[in-house]
Amino acid sequence: MLTLFIQQVLNGLLDGVYYLLIALGLSLIFSLGGIVNLAHGAFYAIGAYLTIVLAPHIGFGGAIIASPLLVALIGIVVERGLFQRFYRSDPILSLLLTFGLAMVAEQSLRMIFGAPPLSFSIPAALRGQIFLGEFIYSRYRALLLLIAATCVLGLWFLLQRTAFGRVVRAGVQNPDMVGALGISLQPYMVAVAGLGIGLAGLAGVLLAPIYSIHPAMGQEIITPAFVVVVIGGLGSFWGVVVAALMVGLVKGITIGLGLTQWSTAVIYLMMLLVLLFRPRGLFGERIQRFE
Amino acid sequence: MTDRQPSKFRVSRRQALVGLSAGAATGLIASPSLILAQTPDAIRYGHLTPRTGFLGPLGEYGVMAVDLAVEEINAAGGVNGRKLEVLKEDSVNPQTASTKAERMIERDKVACILGEISSASCLTISQVAARNKTLFVNTGGNSDALRGESCNRYMFHVEHQNSMYVKSCGRSLMAQGLVKGKKWFSLTADYAFGHDLLKVAKRFMEANGGQFAANKLVPTDATDFSALLIEIRAAKPDLVISNLAGNQITNFLKQYSEFGLSFPVAGFGFDTALAWAAGKDNFGGVWPCVWHHLIDTPETKKFVAAFTKKYGKPPENQAWGDYMAVKIMAQSMNELKSTDTAKILEYWEKGAKFDVMKTRPGYFRASDHQLMSEMYTITALPAAQVKNQWDLFTSSPPVPGPSEDLEVIATQGDEAVCRMS
């Protein structure tokens, strides 16, 4: 009984990592540009559909690299064409814009690929299980975890240890000061949008073999991702990381206790509690221009 | 909140324009019925079915089938010499579904309402239909309750009830020795349909000497089944039973194969689109089916050919349901030379027979308005034997067999509790 409970907790923790890829991008784009990107889930869906198109030609390995890059490219076009007009304006406007964008993207996928879900399987070489004593885990998920963890560490390094990261962080806190120093934030905005949206695309590729692929799949993932960002605190890198793991953990515990039907409701309850007692999120910093 | 305050946020004209046009564009795409022209002397049906959400992909098959049926009916002279027109909308959820049903009846003057997949939406639509004395033909809601406690005079069911699904698949499981004295681990979709299916499955299992190792209620928006797979592995059941719905089944099948579990799988709720979405590497188990594209009858072959020609893929069972509903309605109106609700209702209750593309004709049972027709049990083929992306399974002969009454798989005696009001 106890070992089963521990397995559930562990599985929940690992589960949380998938939310990270989506939530990190969401948080990054909001922090720097103030855009609440409701279309983030749509980019995840585009990543998955691109994989179905590309994998037969360049293999799944090729798609893991190519799809996120293409999604990032679409992200950059969207940033230049749309997002940049809404920086530092009322967040309601960007909310409306990205909501519309999400619907347009979903409808386009429906028109191009049809509404019925499409099939895509784990490549034969990656199938199978890993046994760690009592704990059984799929080999594919282990790879997924490895890629996700690498991305998170890479992103952290980029933000904390490079000149690029320093400008982005300064831009988040005080864009006017950055401007006064003679640094244009524009290229940084482009890079951050490409990076954040590319990460959503990567999540799409990685989850395509184990989740159902249909045009509305973005909606399924965007809600928990938003919950993670809200719990973690806007603008906080580690906040999002900790929140994603916590959401997975709490889910795992709920299921471990036999309360499977509550496993989705419980993460909203968590968000409610955080909003009641610490509205800026667990690790959220005060960002003056949003208050 | 009544006094107007000067706007806190200055919105430039340009920003407003961009926002508005994005909103308008999505509005147009999201509600296709708004841009449909309405012909004044046409006979109009209303079609409501989920096109978004976890049942959306199935609803889309229904919509494709309706378009095909309307095309064929109009090519053959329409209904009572008038053109047939169908207003189609996304029912979204039970509340929206009833609002749209009301509008279709009152504003658009539809002759009847067809469609739906969600049992919860079926219930709200049927209430609107009964209040307005308009026929509602349910093409995809399986819950027994709709034919039981919640039945009503104006609702008919082309889709088969949960009991029929459970009893047909159950027969096959009994033949394989997977019921008597066996432990089942079941996963159940946590909404009206799932709860109803679980109730029926439990009744079947207990009557035939099986027992539960566990039953888990799964939220309808859950996408990850890894936690449940860990539990299944620990419980070591003789059979894993899916009472799941829509995309949940695909997610479950994909991840079941990913985790490499080897317990036999069967399900009581099923749609072939979900098997297609899982793909040959992941689809497994024994499932009941109200109709599928491999049935060997001339009508099925004709329908599959026409559908494949128009859409480039075979129809799945939800397509059959909506196609049948349009055809049965149009055929009845033509035979009666009338669109009068009372006349059609009486005609159906008296047992009019319809070709339902199977080996014997179907009819509506007067006691609960359930369409009586044969069912099938399908079994997944091993990946190596699969020749294309559609023909992933083999089918049983029609259930019940030719010498048996169609009633044997439906609710009987005290299982059937419908009192028409």
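Residues numbered from 1 in each chain as written. Chains lettered and ligands numbered in written order. Predicted model: local features only at pLDDT ≥ 70, side-chain atom pairs only at ≥ 80, totals over all residues. Heavy atoms only, no water.

S.K.: Would you mind showing me how to read the overall build of chain B here?
M.R.: Tallying secondary structure elements over chain B gives 12 helices and 14 strands in all. On C-alpha atoms alone, chain B measures out to a radius of gyration of 23 Å, which is about the 22 Å that the 2.2 N^0.38 rule sets for 421 residues. The dimensions of chain B, computed from C-alpha atoms along their principal axes, are 70 × 60 × 45 Å. A total of 421 residues make up chain B; the buried ones form 59% of that total. In chain B, the proportion of contacts linking residues at least 24 apart, taken out of those at least 6 apart, comes to 70%. Only carbon and sulfur atoms are counted for the fraction: they give 54% of the accessible area of chain B, which is about 16,500 Å². Looking at chain B, you have 46 positive and 43 negative side-chain charges, and the mean spots of the two groups are 4 Å apart. (Helix = DSSP H or I, 4+ residues; strand = E, 2+ residues; numbered from the N terminus. Rg over C-alpha atoms; globule rule 2.2 N^0.38 Å. Buried < 20%, exposed > 50% of the residue type's maximum accessible area, 1.4 Å probe, protein only. Contact = heavy atoms within 4.5 Å. Areas by Shrake-Rupley, 256 points an atom, 1.4 Å probe, with all protein chains shown as cover. Lys, Arg positive; Asp, Glu negative; His and termini not counted. Charge placed at Lys NZ, Arg CZ, Asp CG, Glu CD.)

S.K.: Can you walk me through the overall build of chain A in this structure?
M.R.: Looking only at helices and strands, one finds 10 helices and 2 strands in chain A. Listed by position from the N terminus, the elements making up chain A come as α-α-α-β-β-α-α-α-α-α-α-α. Against the 2.2 N^0.38 benchmark of 19 Å for 291 residues, chain A shows a C-alpha radius of gyration of 19 Å, consistent with a compact globule. Referenced to the eigenvectors of the C-alpha coordinate spread, the extents of chain A come out at roughly 60 × 45 × 35 Å. Here chain A, with 291 residues, has 57% of them falling under the buried criterion. Contacts in chain A between residues at least 24 apart in sequence constitute 76% of all its contacts with a sequence separation of at least 6. Roughly 12,000 Å² of accessible area belongs to chain A as shown, and the carbon and sulfur atoms make up 72% of that amount. Computing the positive centroid from 15 side-chain charges and the negative centroid from 9, chain A places the two 6 Å apart.

S.K.: How should the layout of surface pockets be read in this particular structure?
M.R.: If a probe as big as a water molecule is rolled over the atoms, it shows which places are left empty. Size it by volume and the second largest pocket reaches roughly 690 Å³. Around the second largest pocket, the lining comprises 35 residues; the ones closest to its centre are E220 of chain A together with T220, D221, A222 and T223 of chain B. Among the secondary structure elements, those contributing two or more residues to the lining of the second largest pocket are α1 (2-33), α8 (217-232), α9 (237-256) and α10 (265-277) of chain A together with α8 (247-258) of chain B. Ranked by residues supplied to the lining of the second largest pocket, first place goes to α8 of chain A with 5 residues. (1 Å grid on protein atoms, 1.4 Å probe; cavity = no way out; pocket = protein on both sides within 12 Å on 5 of 7 lines; lining within 4 Å. Points joined across faces, edges and corners; volume = space filled by probe spheres on them.)

S.K.: What is the right way to look at the pattern of salt bridges in this model?
M.R.: For side chains of opposite charge, pairing can occur when their charged atoms come near one another. Residue and element names in this part refer to chain B. Scanning the model with the defined rule gives 24 salt bridges over all chains in all. Residue E404 is joined to R171 by a salt bridge in which the shortest nitrogen-to-oxygen separation is 2.8 Å. With E404 in the segment after β14 (393-395) and R171 in helix α5 (residues 162-175), this residue pair connects regions lying 233 residues apart in the sequence. Classification of E404 by relative accessible area gives partly exposed; the value is 27%. E231 is the partner of K216 in a salt bridge, and the nearest nitrogen-oxygen pair spans 3.3 Å. Of this pair, K216 sits in strand β7 (residues 211-218) while E231 sits in helix α7 (residues 226-235), and the two are 15 residues apart along the sequence. For K216, a relative accessible area of 11% corresponds to the buried category. Bridged by salt links that share partners, the residues D144, K167, R203 and E415 form one connected network. (Salt bridge = Lys/Arg side-chain N within 4 Å of Asp/Glu carboxyl O.)

S.K.: Help me understand the interface of chain B and chain A in this model?
M.R.: One frequently used descriptor of interface size is the decrease in accessible area upon assembly of the parts. Contacts between chain B and chain A engage 44 residues on the former and 51 residues on the latter. Contact between chain B and chain A buries roughly 4,200 Å² in total, counting both sides, with carbon and sulfur atoms accounting for 57%. The largest contributions to the chain B side of the interface with chain A come from I230, K254 and E258 of chain B, which together make up 15% of the buried area. Counting across the chain B and chain A interface gives 2 salt bridges. The partner of D224 of chain B in a salt bridge is R141 of chain A, and the shortest N-O contact between them spans 2.9 Å. Linking chain B with chain A are 23 residue pairs in polar contact (both at pLDDT 80 or more). Sorting the residues of the side of chain B that touches chain A by element identifies α1 (13-30), α2 (56-75), β7, α7, α8 and α9 (272-278) of chain B as the ones contributing at least two each. Among the residues making up the side of chain B that touches chain A, the classes are represented as 18 nonpolar, 13 polar and 13 charged. (Buried area = accessible area lost by both parts, 1.4 Å probe. Polar contact = N/O pair within 3.5 Å; in protein donor to acceptor, adjacent residues only side chain to side chain. Nonpolar A, V, L, I, M, F, W, Y, C, P; charged D, E, K, R; others polar.)

S.K.: For this particular structure, what's the right way to read the confidence of the model for chain B?
M.R.: Should the pLDDT be low somewhere, the predicted coordinates at that spot are not to be read in detail. Residue and element names in this part refer to chain B. Of all residues in chain B, 90% have pLDDT values of 70 or greater, and the mean over the chain is 89. In the model of chain B, α1 stands out as the element of lowest mean pLDDT, 45, in contrast to strand β4 (residues 135-138), which has the highest, 98. Scored by ipTM, the complex comes to 0.91, with pTM at 0.87. (pLDDT = per-residue confidence, 0-100.)

S.K.: What is the right way to look at the nonpolar core in this model?
M.R.: One broad rule of soluble globular proteins: the nonpolar side chains tend to lie buried together. Among the nonpolar cores identified, the biggest contains 113 residues, and Y45, F252, M329 and W348 of chain B are the most heavily contacted of them. Among the elements that line this core, the one with the most residues is helix α11 (residues 317-336) of chain B, at 10 residues. Residues V17, Y44, L93 and Y211 of chain A belong to the second largest nonpolar core, which totals 88 residues. (Core = buried A, V, L, I, M, F, W, Y, C linked by side-chain atoms within 4.5 Å.)

S.K.: What am I meant to see in the packing of aromatic side chains here?
M.R.: Geometrically, a pair of aromatic rings is defined through the distance of the ring centres and the angle of the planes. All names here are of chain B. Counted under the stated rule, the structure contains 24 aromatic pairs over all chains. Relative to F252, the ring of F225 lies with its centre 5.8 Å away and its plane at 70 degrees, an arrangement referred to as edge-to-face. With F225 in the loop between β7 and α7 and F252 in helix α8, this pair connects stretches of sequence that are 27 residues apart. Residue classification places F252 among the buried residues on the basis of a relative accessible area of 1%. In this structure an aromatic cluster arises from ring pairing among Y61, W276, W291, F303, F307, Y311, Y323 and W390. (Phe/Tyr/Trp six-rings, centres within 6.5 Å; stacked < 30°, edge-to-face > 60°.)

S.K.: I keep staring at the environment of D340 of chain B and nothing clicks. Help me out?
M.R.: Residues and elements named next belong to chain B. Structurally, D340 can be placed in the loop between α11 and α12 (341-349). For D340, a relative accessible area of 37% corresponds to the partly exposed category. Along the primary structure D340 and T134 are separated by 206 residues, whereas in three dimensions their C-alpha atoms are 9.4 Å apart.

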